[in-house]
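Structure assessment
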Amino acid sequence: MIMETYIMYGYELITILFPAAVLTGVFYALYRRKRMDWRRFKAVYLLIFAVYLFGVFHFTGAGTIFDAVRLGVELNPGQINLVPFSDPNFDLTGYVLNIVLFMPLGFLLPFLWQQFRKLWHVAASGFLLSVLVECSQLLNFRATDVDDIILNTLGAVCGYLVFLLYSSVVKRGDEGQDGFRYEAPLFVAGIFLFRFFAFNEFGMAGLLFGF
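Residues numbered from 1 in each chain as written. Predicted model: local features only at pLDDT ≥ 70, side-chain atom pairs only at ≥ 80, totals over all residues. Heavy atoms only, no water.

1. So, the overall build of the chain
Of regular secondary structure, the chain possesses eight helices and two strands. Going residue by residue from the N terminus, the α and β elements of the chain occur as α-α-α-β-α-α-β-α-α-α. Relative to a compact globule of 211 residues, whose C-alpha radius of gyration would be 17 Å, the chain shows 18 Å and is just as compact. Principal axes of the C-alpha set define a box for the chain whose edges measure 50 × 40 × 30 Å. Relative to its full complement of 211 residues, the chain shows a buried share of 43%. Total accessible area on the chain is roughly 11,800 Å²; 70% of this is exposed by carbon and sulfur atoms. One way to put it: in the chain the 15 positive side-chain charges average out to a point 18 Å from where the 16 negative ones average out. (Helix = DSSP H or I, 4+ residues; strand = E, 2+ residues; numbered from the N terminus. Rg over C-alpha atoms; globule rule 2.2 N^0.38 Å. Buried < 20%, exposed > 50% of the residue type's maximum accessible area, 1.4 Å probe, protein only. Areas by Shrake-Rupley, 256 points an atom, 1.4 Å probe, with all protein chains shown as cover. Lys, Arg positive; Asp, Glu negative; His and termini not counted. Charge placed at Lys NZ, Arg CZ, Asp CG, Glu CD.)

If you want it as structure tokens, here you go:
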């Protein structure tokens, strides 16, 4: 069972790392074509960012096209909460985890791209990524909660504040660069879409565990 579990993790990780590698190669080619400076270790930083996205999509249970095919697309009002912090069962641990989960996003975005060194850019990015994940959860009948969106956005803002502290202590500015337009959203969207169409969790589990 342990081996099968590792294979499942590896399968999902491949659906993240493969598009990340392809996109990194495309970005590098575009930089060379436009004679832009490809910063040292940028490919490594993009790999770290991709592994982080793997964690986000895995732990949030982001839905895929295979979930929609298997379960059908049906909106259940009981599955959606649009009233902030209305759940009487206060879950402090869950709230903290939602904040912590998006803190690396708030750090990595300005670390990699200078255009994200504004608070509202990072907050908007955290909000949009959280909305993307929450909407995809409608496909696998997981709860879609506005609380998660608020807390995830707050987590991205906290991560940005950590980046500001890091920048003030470590006097380095060579990691991030302007890049080309929409480089960051293309990287995130490309990884999300490849996983969306390539990660058949239930199908692979059936093969491995025999059900």
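Back to the write-up after that little detour.
2. Description of the layout of surface pockets
In this structure, the largest pocket occupies an estimated 460 Å³ of space. For the largest pocket, the lining is made up of 21 residues, of which Phe116, Ser125, Leu128, Ala184 and Pro185 are closest to its centre. Contributing elements (two or more residues each) for the lining of the largest pocket: helix H4 (92–112), helix H5 (119–136) and helix H7 (183–198). (1 Å grid on protein atoms, 1.4 Å probe; cavity = no way out; pocket = protein on both sides within 12 Å on 5 of 7 lines; lining within 4 Å. Points joined across faces, edges and corners; volume = space filled by probe spheres on them.)

3. As for the packing of aromatic side chains
Following the criterion strictly, the structure yields 20 aromatic pairs and no others. With a centroid separation of 5.7 Å and an interplanar angle of 75°, the aromatic rings of Phe107 and Phe163 are classed as edge-to-face. Residue Phe107 is found in helix H4, and its partner Phe163 is found in helix H6 (residues 146–169); the two are separated by 56 residues along the sequence. An aromatic cluster of three or more residues is present, and its members are Phe27, Phe49, Tyr52, Trp113, Phe116 and Phe187. (Phe/Tyr/Trp six-rings, centres within 6.5 Å; stacked < 30°, edge-to-face > 60°.)

4. As for the packing of helix H2 (residues 42–60) against H4
As a packed pair, H2 and H4 sit with axes 11 Å apart at the nearest point and diverge in direction by 155°. Our classification of the angle between H2 and H4 gives roughly antiparallel. When you trace H2 past H4, the crossing you get is left-handed. Together, Tyr45, Leu46, Phe49, Tyr52, Val56 and Thr60 of H2 and Leu101, Phe102, Pro104, Leu105, Leu108, Leu109, Phe111 and Leu112 of H4 make up the contact between the two elements. Classifying every residue of the contact of H2 with H4 by side-chain character gives 13 nonpolar, one polar and no charged. (Axes fitted to C-alpha atoms, helices over the stretch in contact; angles between N-to-C directions. Parallel < 35°, antiparallel > 145°, perpendicular 65-115°, else oblique. Left-handed = near helix turned anticlockwise from the far one by under 90°. Contact = heavy atoms within 4.5 Å. Nonpolar A, V, L, I, M, F, W, Y, C, P; charged D, E, K, R; others polar.)

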